[in-house]
Amino acid sequence: MKKATGPAPLTLAQLSPMLPASPFQFILTDELETPSPWLGQERAMDTIRMGASVPHSDFHVFVLGRPGSSRHAIAHSILSQIAEGRPQPCDWVYVNNFEMPHKPVAIKLPAGSASRLRVLMETLVNDLANEMPALFEAEDYQSRRRKIEECFASEHENEMAEVFENARAKQVAILRTPMGFSFTGMQGDMVMTQEQFDALSDEAHEELTAAIEDTQKNLSEVLKAVPKREKEHRRQVEELNYQLASQGVDEAIKQVQDAFLEDQPVQRYLEAARQDLIGNAELFLMEEDEETAGPFPVATTKHYKRPQFQRYRVNVMVSNGQDGTGAPVIQEDLPILANLIGRIEYASELGTLITNFTMIKPGSLHRANGGFLVLDARQVLSEPLSWDALKRCLRTGEISIYSPGERLGLATTVSLEPDPIPLDVRVILIGERQHYYLLSALDPDFHQLFKLEADFNDHLPLKDKETISDYTAMIAGLSKQAGTRPLDALAVTRVLQESTRLCGDTERLTLNTSKLSDLLREADFWAEKENAQHIGSAHIDAAITDQERRASRLRELSHEAIAQGTVLISTQGHRSGQINALSVLQVGGYSFGRPSRLTARTRPGAGKLVDIERETELGGPIHSKGMLILQGYLAATYASKVPLSLWASLVFEQSYGGVDGDSASAAELIAVLSSLAEAPIDQSYAITGSINQFGDIQAIGGVNEKIEGFFDICNQRGLTGGQGVLIPAANVRNLSLRPRVIDAVEQGQFRIIPMTTIKDAIEVLTGLVAGTRNRKGLYPKGSLNRRVEDRLIAFAELRQSFAKEAGRDAT
């Protein structure tokens, strides 16, 4: 039988993306107009616009996509454009609740009014602090106060004088002692002595005793009237103070009331503040300590900062200003609970924690109220209680401030219960696809709140010249945005080629603008080193090469182990049951290919295919699946009329880590067939590809890295012209090889051969025709399939003869 040739190697044109000829009509990219850089994301952008415009409160948006796809920048740009046409939302303040200080009152104000109310209240306190002492020191007040005092003193003195006069008329003396008043008789104008009192007749004694008792009664009645009179005195003084304080407060507060005539909540607060100011006028008469007094004259002192006046301050939570329009677009980069819903701060005083309504601080939900809040899903989910708090606020439509301690029942400090603030916000949650799918599966509230998903594309189909033109404009925009030198046409072509490689498909361009921007900035670095005025293709190549060099330490160590013979890999010669399989290792963001020696041994058995990787628990489930498919192919393709009487073992030699994936299943099948047919495999080749039960070769991942990995080993040892890699034909569209491989192919030193079925691989690797069954159901003599089938039939006959001998021995 003649030697098999197998499929033809790929041409140069098939090894890298073929871009349309001469698509560029520019010299440098700075000549191009740079439209919106958000190419290929129209579907996601329309979803964000819908979420930002729909009036229903539960249509929040989850933006999903890969990192580097400009999700944050696009979302922020769209929201900013929409927010510009929106009216400014209202302001919010917290003020003191004079009846229940632990429940501060939230007041809604027109945009720009919060700061004005705060300033007016501060001015009010300053004015009263300056004017109130003057009012109470004025002559009018002092004279009226003296009149009340004199009236009270006069009435008291007159009553006391009358008691004393009556006592004197009855010859009774009233004496003041440290213990109070004492009473005794008088003889003339002199106080009666004890001897004189004892010398009195019984009748005189009784008369004097009665007079003393009557005097005591009269004095007692006068003294009993003193508290009542003092109460009346205090009432009159308080009424005078109230009248005077009312006069001062009403005059001072009128300016504030006039500024907010149409705002009823503010009017109610001002009336409550008015009553409290009048009732606590003495706060303005307290002398200021020298330590707390400022260096400026009294008229310019900021009295509102004094502790006793904190009750009249206005705590501005949200102030949007009066100039212009536009809803807020807030991006919270640290969405801890306090930054999200706000917090209540505390101060230590005499060993205890105290707080008041002025220590309530706003969160991002307060600042975004009436507009848009942009959050990173991973950050929100990783912060304790933040996700739960966000859902609660969106579900209830209000912002309630609480601490983690309160939420967990751990708080023991007296705290505040501020009024909840109504919430009207659209949340844009940005995350990766796994976040979206996990939340969809595990959180029943998620789809009730986030009804819109903006799914960002990872790539752009490379359709025609128009697509290339738009993508080139995007590259020009990224260059300007990054501040790099402009690119020439060859550099843009090189970027396009690298874009297809990043995408893993020659018919697609990556939309990972972050990686493209990094590439442009690194190329600009190399252009600067050469004092170039623009970025050329050589600078792009230098940036790519340097990127790989920085990350290639492990790849070099792996190749070094092969070059030293520590890891056994053959790139020449022939051997049965041994083949070069290819795998991809990913470390961080860098992937590289590496050949592995795969061996198979066969003998008669009970149809068992031993996967040593699986037996040692080093093989993953997908790899095990590939082994079972291989076993199914063998059983259905060869010696179907006899039991499969094969024992075979397969192993990745010198593999001490986990193995997964089915990209080596074609190599495993070839190794088994080679061992069965005793047909040596050409070690100049490496192979990658998976198979199905019909022997079709299926596409795999990492094809570029795998080819380059085997090429580098061959190149290190010296290219012979007979070396190459067999890949699935379905992966030809994924080829975007480095120039070193393409140059070697061009010089005839390396080959890349596509496979459609396992037959293609058999003929290339063994040099034998695979063979197809004829009308009699037999494979041609000399073909590999015939040799495999004959061997399996011989195994079955041998097994049958062993069974007969075992039966005779048993009898």
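Our subject is the structure listed above.
Just so it is clear, the model here is predicted, and its values are computed rather than measured.

Engineer: Lay out the sheet that holds strand β21 (residues 578-587) in plain terms, naming residues and giving numbers.
Structural biologist: Read across the sheet, 7 strands follow the order β23-β24-β22-β21-β26-β29-β30 without closing on themselves; strand pairing throughout is mixed. On the outer flanks of this sheet lie β23 (608-611) and β30 (750-755), each paired with one strand and no other. With direction set aside, neighbouring strand axes in the sheet form an average angle of 30°. The pairing of β23 with strand β24 (residues 646-652) spans 4 bridges and is classified as parallel. For K608, the partnering residue across the bridge sits in β24 and is W647. Those strands touched by helix α19 (residues 553-563) are β21 and β22 (590-604), and its axis lies near 35° from that of β22. Contacts from helix α21 (residues 621-637) reach β23 and β24, with the element oriented near 155° to β23.

Engineer: Can you tell me about the nonpolar core, naming the residues and giving the values?
Structural biologist: Core analysis: the largest hydrophobic core is formed by 47 residues, its most contacted members being I579, I687, L726, I758 and L765. Top contributing element to this core by residue count: helix α22 (residues 665-677), with 9 residues. Setting aside residues up to four positions removed in sequence, I758 forms contacts with Y633, A666, L669, I670, I691, G695 and I697. Among the nonpolar cores identified, the runner-up in size contains 40 residues, and L244, A245, L283 and V314 belong to it.

Engineer: Can you tell me about helix α11 (residues 386-396), naming the residues and giving the values?
Structural biologist: Along α11, the residues classified as buried are S386, W387, A389, L390, K391, C393 and L394. Positive phi appears at G397, one or two residues downstream of α11, with a value of about 75°.

Engineer: How would you summarise the pairing of strand β29 (residues 723-728) if you had to cite specific residues and measurements?
Structural biologist: In terms of burial, β29 is largely enclosed, as 6 of its 6 residues are buried. By the bridge criterion, 3 bridges tie strand β26 (residues 685-687) to β29 in an arrangement that is parallel. In the sheet register, A686 faces β29, and the bridge partner there is V725. Crossover β29 to β30 through helix α24 (residues 739-746) is right-handed.

Engineer: With reference to specific residues and values, describe the pattern of salt bridges.
Structural biologist: The final tally for this structure, using the stated rule, is 33 salt bridges. Here R738 and E498 are joined by a salt bridge, their closest N and O atoms 2.7 Å apart. Here R738, found in the loop between β29 and α24, pairs with E498, found in helix α16 (residues 489-503); they are 240 residues apart in sequence, far enough to count as distant. On the accessibility criterion, R738 (7% relative accessible area) is buried. Residue classification places E498 among the buried positions, given a relative accessible area of 6%. Put simply, R66, R433, D455 and D458 are held in one network by salt bridges that share partners.

Engineer: Account for the sheet that holds strand β13 (residues 372-376), naming residues and giving values.
Structural biologist: Taken in spatial order, the 5 strands of this open sheet run β8-β13-β16-β1-β17, and their pairing is parallel. Sheet topology places β8 (329-332) and β17 (452-455) at the edges, where each strand pairs with a single neighbour. With strand direction ignored, the average angle separating the axes of adjacent strands in the sheet is 20°. Note that strand β1 (residues 61-64) and β17 share 4 bridges and pair parallel. By the bridge assignment for β17, V61 is matched with L452. Packing of helix α1 (residues 42-53) onto the sheet brings it into contact with β1, β13, β16 (426-431) and β17, and relative to β17 it is tilted by some 150°.

Engineer: Lay out the layout of surface pockets in plain terms, naming residues and giving numbers.
Structural biologist: As a volume, the largest pocket reaches approximately 1200 Å³. Lining the largest pocket are 43 residues, with R501, L502, K515, G589 and E705 sitting closest to its centre. Within the residue set of the lining of the largest pocket, elements represented by two or more residues are α16, α17 (513-529), α18 (537-551), β22 and α23 (703-717). Looking at the lining of the largest pocket, the element that brings in the most residues is α23, giving 6 residues. Of the residues belonging to the lining of the largest pocket, the class tally is 11 nonpolar, 17 polar and 15 charged.

Scoring rules and cut-offs
- Residues numbered from 1 in each chain as written.
- Predicted model: local features only at pLDDT ≥ 70, side-chain atom pairs only at ≥ 80, totals over all residues.
- Heavy atoms only, no water.
- Pairing = 2+ DSSP bridges.
- Helix = DSSP H or I, 4+ residues; strand = E, 2+ residues; numbered from the N terminus.
- Axes fitted to C-alpha atoms, helices over the stretch in contact; angles between N-to-C directions.
- Contact = heavy atoms within 4.5 Å.
- Core = buried A, V, L, I, M, F, W, Y, C linked by side-chain atoms within 4.5 Å.
- Buried < 20%, exposed > 50% of the residue type's maximum accessible area, 1.4 Å probe, protein only.
- Right-handed = clockwise from strand over helix to strand, strands pointing away.
- Salt bridge = Lys/Arg side-chain N within 4 Å of Asp/Glu carboxyl O.
- 1 Å grid on protein atoms, 1.4 Å probe; cavity = no way out; pocket = protein on both sides within 12 Å on 5 of 7 lines; lining within 4 Å.
- Points joined across faces, edges and corners; volume = space filled by probe spheres on them.
- Nonpolar A, V, L, I, M, F, W, Y, C, P; charged D, E, K, R; others polar.

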